[in-house]
Amino acid sequence: MSTDPWGRVDDDGTVYVRTAEGERAVGSWQAGEPEEALAYFHRKYDELAGQVQLLEQRLKGTDLAPAQAEASIVKLREAVADAHAIGDLAALTARLDGLSELVAHRREEVKAAREHARVEAKAVKERIVAEAERIAEETTHWKSGGERLRQLVEEWKAADRIDRATEAGLWKRLSAARTAFAKRRKTYFAGLDEQREGVRAEKERIVAEAEALAESTDWGPTASVYRELMQRWKAAGRASRDAEDELWARFKAAQDVFFQARSAVFAERDASLAANAEAKEVLLVEAEKILPVTDARAARGALRHMLERWEAVGPVPREQRDRLEGGLRKIDEAVRKAEDAEWKRSNPEARARAQSTVDQLRTSIEQLEKRLAKAEAAGRAKDVKEAEEALTARRSWLEEAERTLAEFS
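What counts as what
Residues numbered from 1 in each chain as written. Predicted model: local features only at pLDDT ≥ 70, side-chain atom pairs only at ≥ 80, totals over all residues. Heavy atoms only, no water. Pairing = 2+ DSSP bridges. Helix = DSSP H or I, 4+ residues; strand = E, 2+ residues; numbered from the N terminus. Salt bridge = Lys/Arg side-chain N within 4 Å of Asp/Glu carboxyl O. Buried < 20%, exposed > 50% of the residue type's maximum accessible area, 1.4 Å probe, protein only. Core = buried A, V, L, I, M, F, W, Y, C linked by side-chain atoms within 4.5 Å. 1 Å grid on protein atoms, 1.4 Å probe; cavity = no way out; pocket = protein on both sides within 12 Å on 5 of 7 lines; lining within 4 Å. Points joined across faces, edges and corners; volume = space filled by probe spheres on them. Nonpolar A, V, L, I, M, F, W, Y, C, P; charged D, E, K, R; others polar. Patch = residues over 30% accessible without salt bridge, like charges linked within 9 Å, V, L, I, M, F, W, Y side chains within 5 Å. Areas by Shrake-Rupley, 256 points an atom, 1.4 Å probe, with all protein chains shown as cover. Lys, Arg positive; Asp, Glu negative; His and termini not counted. Charge placed at Lys NZ, Arg CZ, Asp CG, Glu CD. pLDDT = per-residue confidence, 0-100. Expected span 1.5 Å × (residues − 1). Arc of directions from axis to C-beta. Contact = heavy atoms within 4.5 Å. Axes fitted to C-alpha atoms, helices over the stretch in contact; angles between N-to-C directions. Parallel < 35°, antiparallel > 145°, perpendicular 65-115°, else oblique. Left-handed = near helix turned anticlockwise from the far one by under 90°.

1. Description of the pairing of strand 4 (residues 22-28)
- Relative to strand 4, strand 3 (residues 14-19) is paired through 6 bridges, and the arrangement is antiparallel. By the bridge assignment for strand 4, Y16 is matched with A25.
- In this structure, the hairpin formed by strand 3 and strand 4 is closed by a connection of 2 residues.

Quick look at the structure:
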């Protein structure tokens, strides 16, 4: 009989393995020496130990799924329990027990990770739904709003799944938000179409009025009406693009007909007025000879005759009107000032008032000179100072009053 620490070969060739529960027959060996039998069944053990080691490496070095790992452990447990091998089978069982604990820990980690992922996925999908509902309720930028809703659906598909009930409830809200947005957009554009139709009708009326005035020759009032029509056009808003373009082309064409005709008439008129402007240039040069005014009455007579000739010439081009009229107006103002000065000089009441003022100031100065002399003789310094200050003021006033009186000479 041949033996070793983990097994033996009986005299009849039966091979046994030693376990904690006792010996267990694992095979029979009849073809050779007992040592060969032991070596053979040791190799069987080594193969089994190698499978356990490989599973250990996979569990520790990869993200092997817990269910797959547990299935492999169960399979190896069965293999160890029924092993036809000689070796420390209890050690292999213990190693498998350790792997089972590792798998249990891994399973808890996976469970926690999945729960965390579900919580995050729920938060993501709640955020997606909340944004979709806000877009459905508030957004009026229809193109960007619709594009964002499509992006939110793609984000929903890319997010992890959550529990079925919560998933279904959130998806229902997301679908409702998309539907509400589509309805609100449809309602808006329906109202916009109605509004644009109203704008089109108003601009049709404006264009009809503009076209009716295109042949008018009542230049001033008609130009004012066209300005009012333009203000109405701007205030009306915009119709659809095609209608807007077509109506604007008609409106502009009507305006062009009128304003081009007016420009042609004005150009012809301005040409005929150029000769008038030349005549008034000659009259203005002649009128300027009235200045400076030495005889107000004669100057007024000459200017009156000049104005008659001026009016007889007729209108001038608009761009020259202000300069020519302004030149004549300056001459008229100079004559008027000369007339005012002449009247002032010949006004007896004003001259009498000026003479009275001069006489009063002269009398006052004589009295102050006497008061000054008495104060100096008496040595009253204060009275002297007051008299001198009063005399200085009165003499200054007298000079001004005498100049005013001289203007009446």
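2. Structural notes on the pattern of salt bridges
- Counting across every chain of the model gives 36 salt bridges.
- Here E167 and R161 are joined by a salt bridge, their closest N and O atoms 3.8 Å apart.
- Classification of R161 by relative accessible area gives exposed; the value is 60%.
- Between E325 and K280 there is a salt bridge; the shortest N-O distance is 3.9 Å. Taken together, the residues E325 in helix 9 (residues 318-345) and K280 in helix 7 (residues 241-287) connect sequence positions 45 residues apart.
- Overlapping salt bridges, with partners in common, bring together E197, R200, E204, E211, E246 and R250 in one network.

3. Quick notes on the nonpolar core
- Formed by 26 residues in total, the largest nonpolar core has its most connected members in V15, L48, I86, L89, L92 and L96.
- Sorting the residues of this core by element identifies strand 3, helix 1 (34-61), helix 2 (66-81) and helix 3 (89-138) as the ones contributing at least two each.
- Per-element accounting of this core gives the leading share, 9 residues, to helix 1.
- Ranked by size, the runner-up nonpolar core spans 15 residues in total, among them L149, L152, L174 and F181.

4. Here's the deal with the layout of surface pockets
- Of the voids in this model, the largest pocket is the one considered here, and its volume is about 270 Å³.
- Lining the largest pocket are 15 residues; nearest its centre among them are T19, E21, L89, A90 and T93.
- Contributions of two or more residues to the lining of the largest pocket are made by strand 3, helix 2 and helix 3.
- Broken down by element, the lining of the largest pocket gets its largest block of residues, 4 residues, from helix 3.
- Residues belonging to the lining of the largest pocket are distributed by class as follows: 7 nonpolar, 3 polar and 5 charged.

5. Things to note about a negative patch on the surface
- A grouping of E376, E386, E388 and E389 is seen on the molecular surface, where their side chains present a negatively charged patch.
- Sorting elements by how many residues they give to the negative patch places helix 11 (residues 381-406) first, with 3 residues.
- Relative to the helices and strands, E386 resides in helix 11.

6. Observations concerning the confidence of the model for the protein
- Residue-level pLDDT values for the protein average 86, and 99% of them are 70 or greater.
- Within the protein, the lowest mean pLDDT, 69, falls on strand 1 (residues 2-4), and the highest, 91, falls on helix 1.

7. Some thoughts on helix 2
- Under the 1.5 Å per step criterion, the end-to-end length of helix 2 is 22 Å for 16 residues, consistent within 8% with the ideal 22 Å.
- Of all the positions in helix 2, only P66, A69, I73, L76 and V80 are classed as buried. Burial along helix 2 is one-sided: seen end-on, the buried residues are contained in an arc of 90 degrees. Those residues of helix 2 that are exposed and aimed more than 90 degrees away from the buried face are A67, K75 and E78.
- Turning to helix 2, the residues buried within the fold contact strand 4, helix 1 and helix 3.

8. Re the side chain of T14
- Considering the arrangement of structural elements, one finds T14 in strand 3.
- For T14, a relative accessible area of 17% gives the class buried.

9. Some details on unusual backbone geometry
- Following L291, the chain continues to P292 via a peptide bond in cis, the omega torsion being -5 degrees.
- Note that P292 resides in the loop between helix 7 and helix 8 (296-313).

10. Focus on the pairing of strand 3
- Of the pairings in the sheet, the one linking strand 2 (residues 7-9) to strand 3 comprises 3 bridges and is antiparallel in character. Paired with R8 across the bridge in strand 3 is Y16.
- Hairpin connection, strand 2 to strand 3: the antiparallel pair is bridged by 4 residues, and G13 has positive phi, about 90 degrees.

11. Concerning the environment of L361
- Relative to the elements of secondary structure, L361 occurs in helix 10 (residues 348-378).
- Note on L361: relative accessible area 10%, which makes it buried.
- Linking L361 and G27, residues 334 residues apart in sequence, is a C-alpha distance of 163 Å.
- If we ignore the near neighbours within four places in the chain, the residues touching L361 are R394, W397, L398 and A401.

12. Quick notes on the packing of helix 5 (residues 164-213) against helix 6 (residues 219-236)
- The contact between helix 5 and helix 6 brings their axes to 10 Å, and the two run at 165 degrees. By the angle class used here, helix 5 and helix 6 are roughly antiparallel. Seen from above, helix 5 lies across helix 6 with left-handed handedness. Between helix 5 and helix 6, the residues in contact are V199, E202, K203, I206, V207, E209, A210 and L213 and T222, V225, Y226, L229, R232, W233 and A236, respectively.
- Classifying every residue of the contact of helix 5 with helix 6 gives 10 nonpolar, 1 polar and 4 charged.

13. Quick look at the environment of R196
- With respect to the helices, strands and loops of the structure, R196 is situated in helix 5.
- Sequence spacing of R196 and R241 is 45 residues, and the spatial spacing of their C-alpha atoms is 9.7 Å.
- Setting aside residues no more than four positions away along its own chain, R196 makes contact with R238, A239 and S240.

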